[in-house]
Amino acid sequence: MSDIIAKLAALLQQHIPVYFSDIQRTSDYIKVEGKSLSLSLPFVCNSLLGAKGEFSHLLESFAKQHKVNIKIAYDIPSIKGQNPKVVKNVIAVASGKGGVGKSTTSINLAAALSLEGARVGILDADVYGPSLPTLLGTKNVQPESPDNKNIYPIIVNDLQTMSIGYLVDEDSATVWRGPMASRAFQQLYNETLWDELDYLIVDMPPGTGDIQLTLAQNMPVTAAVIVTTPQDLALADAIKGISMFNKVDINVLGIVENMSYHICTECGHKEHIFGADGGQRIAHKYQTELLAQLPLNMQIRELADSGTPFMYNQEANPEIQQIYRTLALKLSYKLSQQKMAVQQIAISAVK
Ligand SMILES: Nc1ncnc2c1ncn2[C@@H]1O[C@H](COP(=O)(O)OP(=O)(O)OP(=O)(O)O)[C@@H](O)[C@H]1O
């Protein structure tokens, strides 16, 4: 059997390197149960491994060839949370600087996780300038309440979404002072009737000041992702973002470099308009990872501004969709690593 396990591990590593090439011990995800092999995945990966997934026929023929049964079990770890049954993982998406594409990245990351089969919500924490309703095309939608206190999220495709923009008009939110904004956000988070989420993506307000710090501390944040562009100024602010999360002991899973390069639609030439390798440099310096590099792309802007998330558009560039999808898989993987590390610490503490 060990021979078959090694072959199965090699098959997975070859076809899904983003996830499996980093795991050292095969026993972490392949277990023998009688005559069956049980494949335990710490994330939902439907598009690759699910019933209709691209990879499922490969697994089927592998099972036939080696006369084994392969069972797949999905497990999305819950690391921290007030009520992990309702929200398993809260992921804060932050940027030091405004306008770098944090909201666009948050939505497409949420959509990519959802397309992989996870249950996903997105919460617009930018109580001063909520952009979620514009980006999702839900500007004139109002959430319903069953009891005049709690509210149902607005469902877009399979995403559960909530934004202060659904409740008040933009102008009244911008005059709120710090504590009021924090309170409004707190209410939004607590009083939305989320329906069993694997991931809640929180689109944080830009900046690294008191407001951001308070928000991060008032939620059971599992981990954070920093979005930046490659310019020096944006990178300097991204570093402040990393320090802010370090200060409050929130793990930074990595950096997404947005508007990283541009590919000329006429000749295909790739240009680093805002500079090259900045995200990689700070990821290395601050011991985190560059999770993705998204191009500066007209379709991303057009679809965002017209209220159709890029990941849900059939005409959208599939190569760019794949970058968001890989980002989603990396994020799930890094979260499962974080969980293992937390468990290891707990085990050593008991010893
Ligand atoms: N990769 C990209 N290519 C082209 N345009 C992009 C890209 N990412 C974002 N944009 C555009 O840049 C603008 C700002 O994006 P977005 O609202 O996501 O930024 P933000 O960082 O959340 O801003 P804010 O600080 O105001 O919250 C939008 O018009 C969006 O369509």
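All residue numbers here refer to positions counted from 1 along the written sequence of the relevant chain. Confidence filtering applies because this is a predicted model: local features only for residues at pLDDT of at least 70, side-chain atom pairs given and counted only at 80 or more, and all residues used for totals across whole chains, interfaces and linings.

- For the chain, the name recorded in an unreviewed UniProt entry is Iron-sulfur cluster carrier protein, with Paraglaciecola arctica BSs20135 as its organism.
- UniProt positions are given in the numbering used here, feature names are shortened, and annotations may be inferred rather than shown by experiment. Under the heading Function (unreviewed entry), UniProt records this for the chain: "Binds and transfers iron-sulfur (Fe-S) clusters to target apoproteins. Can hydrolyze ATP."

**Structural notes on the site of the ligand**
Stage number 1. We call a residue near a molecule or strand if the C-beta atom, set from the backbone, is within 6 Å of it. Close to the ligand lie 21 residues; Gly 98, Gly 101, Ser 103, Thr 104 and Arg 301 are nearest.
Stage number 2. Counting from the N terminus, the helices are DSSP H or I runs at least four residues long and the strands are E runs at least two residues long. Breaking the shell around the ligand down by element, the ones donating at least two residues are α5 (102–115) and α12 (298–305).
Stage number 3. Looking at which element gives the most residues to the shell around the ligand, the answer is α12, with 4 residues.
Stage number 4. Gly is placed with the polar residues, together with every amino acid not listed as nonpolar (Ala, Val, Leu, Ile, Met, Phe, Trp, Tyr, Cys and Pro) or charged (Asp, Glu, Lys and Arg). Residues belonging to the shell around the ligand are distributed by class as follows: 7 nonpolar, 10 polar and 4 charged.

**Regarding the UniProt feature "binding site: ATP" (unreviewed entry) in the chain**
Stage number 1. Mapped onto this numbering, the UniProt entry annotates "binding site: ATP" (unreviewed entry) at Gly 96, Lys 97, Gly 98, Gly 99, Val 100, Gly 101, Lys 102 and Ser 103.
Stage number 2. Following the sequence through the fold, Gly 98 ends up in the loop between β4 (87–94) and α5.
Stage number 3. Residues are called buried when their C-beta atom has 20 or more other C-beta atoms within 10 Å, exposed when it has 12 or fewer, and partly exposed otherwise; all C-beta atoms are positioned from the backbone. Classification of Lys 102 as buried rests on a count of 26 C-beta atoms within 10 Å.

**Overview of the pairing of strand β5 (residues 120–124)**
Stage number 1. A large share of β5 lies buried, amounting to 5 of its 5 residues.
Stage number 2. Residues of β5 alternate between two faces, with Val 120, Ile 122 and Asp 124 on one and Gly 121 and Leu 123 on the opposite face, all of them buried.
Stage number 3. A strand pair is defined by DSSP finding two or more bridges across the two strands. Pairing between β5 and strand β8 (residues 197–203): 5 bridges, direction parallel. By the bridge assignment, Gly 121 is partnered in β8 with Leu 200.
Stage number 4. One ladder, built from 4 bridges, connects β5 with strand β7 (residues 159–163); its direction is parallel.

**Some thoughts on the environment of Ala 111**
Stage number 1. Structurally, Ala 111 can be placed in helix α5.
Stage number 2. Classification of Ala 111 as buried rests on a count of 27 C-beta atoms within 10 Å.
Stage number 3. Along the chain, Ala 111 and Tyr 324 lie 213 residues apart, while their C-alpha atoms are 8.8 Å from each other.
Stage number 4. Two residues qualify as being in contact provided that their C-beta atoms, derived from the backbone, are within 7 Å of each other. Those residues within four positions of Ala 111 in sequence are excluded, and the remaining contacts are Leu 159, Pro 309, Met 311 and Tyr 312.

**Thoughts on the environment of Asp 169**
Stage number 1. By the element assignment, Asp 169 lies in the loop between β7 and α7 (170–174).
Stage number 2. When the C-alpha positions of Asp 169 and Ala 184 are compared, they lie 14 Å apart, and in sequence the two are 15 residues distant.

**Structural notes on the environment of Asp 124**
Stage number 1. Residue position: Asp 124 is located in strand β5.
Stage number 2. Note: C-alpha distance between Asp 124 and Ile 242 (118 residues apart in sequence) is 20 Å.
Stage number 3. Once residues within four sequence positions are removed from consideration, Asp 124 is found in contact with Pro 130, Leu 132, Met 162, Ser 163, Ile 164, Gly 165 and Asp 203.

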